[in-house]
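Observations on the three-dimensional arrangement
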Amino acid sequence: MLVSVILAAGKGTRMRSDLPKVLHPLLGVPILEHVLDTVEALGPQLKVVVVGYKHTDVEESFPGRDIRWSLQADQLGTAHAANCGVEAAAAEISANPDAQVLVVNGDLPLLRVETLKALSAIHREADAAVTILTCEKADPTGYGRIIRDAQGRVRDIVEENDATEAEKRLREINVGAYVFRGGAFLGFYARIGRDNAQGELYLTDVVVKAAQAGTRVSSFKVADEAEVAQVNSRIELARVTDILRTRLLDEYMRSGVTIYDPRTTYIEKGVRIGRDTHILPFTMIEHGVEIGSGCEIGPFTHLRPGTRLDDGASIGNFVEIKNSKVGHDSKVRHLSYVGDGLIGQKVNIGAGTIFANYDGKVKSTTVVEDEAFVGSGTVLVAPVTVGKGAITGAGSVVLKNRNVPAGGVAVGVPAQLLKEGKGSSNSRS
Ligand code: UD1
Ligand code: CA
């Protein structure tokens, strides 16, 4: 049995923010969501998240997720937080004393599931009471340092603020992910104190007490430094964003997407992109966007949440699309805003077209049916429909509910019907 405990109660003082650290967005979703997704992929039977600072805000950010929230009312340190998590799982752990309890800091969004799997496997093979994740870092600043004895066993873990100059030179660091044998945590937790630079209950001290008691403390060293980057400050958040962004772009390229310039391409978490789609430079694609295959996006395109592009769609320079569907082989190539739009197949949206979706009170939908041709500089005031095969003239302003019937032609400001077309139900109201 596996119980996971994510520590997310801290304020994140070093962020200098009113928003709890774990809610800061990282590629479109909260930092904590990255950690949760990784931990969830391990398949724990029980997922506990320890919250404290602005805990209702944190809890409400994850509606409908299978999480047992544990409240750490006062943030007395990482060991105290872990204890809150273990208490929330007390019934499960006492029924399964050999359960693995995985404790992970909530500010480690780059950890890979493979690494946590290896940590758990090493713990099992070593039959250890505690197994910790470590890493050799070129620059260990800001992390707890691992001190080993002559036999290579973990003897101590010293926080940056408590370390001597010699200890600060040690490059093996504590990552902030631990596996405890179910029953083991509580006994050692009872023995730690707050005699340290921060006056806090350190989770690292629980590990040290276990080692001092002669129980088996094993460790797994993760090779990739990038995985262990933590988010304590906004500078670290930007670095972590860059690492994760590159990692996701690599995955898209491996799956058959061409990305002309990864340095200027920003794609958030949870975006689907089909094969043989080309992404040109300076493109931003936000969380949840879905893009078919054989599309062309960019340069300078901004696709916002709720956007779905069917196969073969082509979106170009200085185009922003929000909460809209663009059909098969349709084109929005230049200088346009498409908001709350439903665009059919083989539609051409001319340069400088605006979907005026917001009247200051409500947002409404604009429908552009198959094979319609929207002339350059058209303003479509929602709610409105441009029927199948219809045409709007350059610079026309199509007022709300003044639908252009299928095959019709509308021109001018406000747009007048120049040709009735063949639509019946879509006639002007
Ligand atoms: C911790 C480790 C350090 C390690 C580093 C790397 C300790 C004492 N130190 O330091 O050895 O190198 O992480 O990841 O554990 N939290 C709570 N309640 C609290 C305090 C913290 O839930 O009372 C949560 C925070 O929200 C955060 C996590 O625990 O998600 C880690 O806390 P943080 O303050 O970032 O620990 P570090 O100082 O980075
Ligand atoms: Ca941290």
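Here the structure is a predicted model, which is why all the values come from computation and not from measurement. (Residues numbered from 1 in each chain as written. Chains lettered and ligands numbered in written order. Predicted model: local features only at pLDDT ≥ 70, side-chain atom pairs only at ≥ 80, totals over all residues. Heavy atoms only, no water.)

Around ligand 1, 25 residues are found, and the nearest of them are Gln-72, Thr-78, Glu-159, Asn-174 and Val-175. Here an oxygen atom of ligand 1 and a side-chain polar atom of Asp-107 are 3.1 Å apart. Contact between ligand 1 and Asn-232: an oxygen atom at 3.4 Å from a side-chain N or O atom of the residue. Against a free-state accessible area of 760 Å², the protein chains account for coverage of 92% of ligand 1. For the shell around ligand 1, the secondary-structure elements that each account for two or more residues are strand E1 (2-8), helix H3 (78-88) and strand E10 (172-181). Its residues assigned to classes, the shell around ligand 1 shows 9 nonpolar, 12 polar and 4 charged. (Near = heavy atom within 4 Å. Polar contact = N/O pair within 3.5 Å; in protein donor to acceptor, adjacent residues only side chain to side chain. Areas by Shrake-Rupley, 256 points an atom, 1.4 Å probe, with all protein chains shown as cover. Helix = DSSP H or I, 4+ residues; strand = E, 2+ residues; numbered from the N terminus. Nonpolar A, V, L, I, M, F, W, Y, C, P; charged D, E, K, R; others polar.)

What follows concerns the pairing of strand E22 (residues 319-322). Here strand E19 (residues 301-303) runs beside E22; their pairing, made up of 3 bridges, is parallel. Looking across to E22, one finds that His-302 is bridged to Glu-320. (Pairing = 2+ DSSP bridges.)

Now for helix H8 (residues 203-212). With 8 of 10 residues buried, H8 is to be regarded as a mostly interior element. Of the residues making up H8, those classed as buried are Leu-203, Thr-204, Asp-205, Val-206, Val-207, Val-208, Ala-210 and Ala-211. Where H8 terminates, the next one or two residues include Gly-214, which has phi positive at roughly 85°. (Buried < 20%, exposed > 50% of the residue type's maximum accessible area, 1.4 Å probe, protein only.)

Mapped onto the elements of the fold, His-123 is located in helix H5 (residues 113-126). Those residues in contact with His-123 that sit more than four places away from it in its chain are Gln-100, Ala-128, Ala-129, Val-130, Thr-131, Val-179, Phe-180, Arg-181 and Ser-218. (Contact = heavy atoms within 4.5 Å.)

Before going further, it helps to spend a moment on the environment of Thr-215. For Thr-215, the location among the structural elements is in the loop between H8 and strand E11 (217-221). The spacing of Thr-215 and Ala-128 is 87 residues in sequence and 7.5 Å in space, taken between C-alpha atoms. If sequence neighbours within four positions are ignored, Thr-215 has contacts with Ala-129, Phe-188 and Ala-210. Only 2.7 Å separates the side chain of Thr-215 from the backbone oxygen of Ala-210, close enough to count as a polar contact.

Attention now goes to the coordination of the calcium ion (ligand 2). Ideal coordination angles are 109.5 degrees for a metal with four donors arranged tetrahedrally and 90 or 180 degrees for a metal with six donors arranged octahedrally. In the first shell of the calcium ion (ligand 2), the protein supplies Asp-107 (OD), Gln-230 (OE1) and Asn-232 (OD1), at 2.3 to 2.5 Å from the metal. Binding-site remark: the calcium ion (ligand 2) is held by donors from one chain whose sequence spacing is D-x122-Q-x1-N. Here Asp-107, found in the loop between strand E6 (100-105) and H5, pairs with Gln-230, found in the loop between E11 and helix H9 (234-254); they are 123 residues apart in sequence, far enough to count as distant. Both residues of the pair, Asp-107 and Gln-230, count as buried. (Donors = N, O, S within 2.8 Å, 3.2 Å for Na, K, Ca; no water.)

This part is about unusual backbone geometry. Omega for the bond connecting Gly-298 with Pro-299 falls within 30 degrees of zero, at 0°, which places this linkage in the cis form. Counting through the fold element by element, Pro-299 comes out in the loop between strand E18 (296-297) and E19. Note that the residue after Val-413, namely Pro-414, is joined by a cis bond; omega there is -15°. For Pro-414, the location among the structural elements is in the loop between strand E35 (409-411) and strand E36 (416-419). Backbone geometry at Asp-127 places phi at a positive 50°, although glycine is not the residue there. As for its placement among the helices and strands, Asp-127 is situated in the loop between H5 and strand E7 (130-136).

Moving on: the pattern of salt bridges. Taken as a whole and assessed by the stated rule, the structure comprises 23 salt bridges. A salt bridge links Lys-47 to Glu-40, with the shortest nitrogen-to-oxygen separation between them at 2.6 Å. What makes Glu-40 partly exposed here is its relative accessible area of 31%. The residue Arg-272 makes a salt bridge to Glu-290 at a minimum N-O spacing of 3.4 Å. Of this pair, Arg-272 sits in strand E14 (residues 272-273) while Glu-290 sits in strand E17 (residues 290-291), placing them 18 residues apart in sequence. A residue is classified by how much of its surface remains accessible, and Arg-272, at 55% relative accessible area, is exposed. Among the ionic contacts, a cluster of salt bridges with common partners joins Asp-37, Glu-40, Lys-47, Arg-65 and Lys-269. (Salt bridge = Lys/Arg side-chain N within 4 Å of Asp/Glu carboxyl O.)

Let us look at the sheet that holds strand E15 (residues 278-279). Strand pairing in a sheet relies on backbone hydrogen bonds. The paired strands run either parallel or antiparallel. One open sheet holds the 10 strands; their spatial order is E12-E15-E18-E21-E24-E27-E30-E33-E35-E36, and the pairing between them is mixed. Edge strands, defined here as strands with exactly one partner in the open sheet, are strand E12 (258-259) and E36. Looking at chain direction, strand E30 (residues 373-374) and strand E33 (residues 391-392) are connected through 2 bridges and run parallel. Residue Val-374 lies in a different strand from E33, and its bridge partner there is Thr-392.

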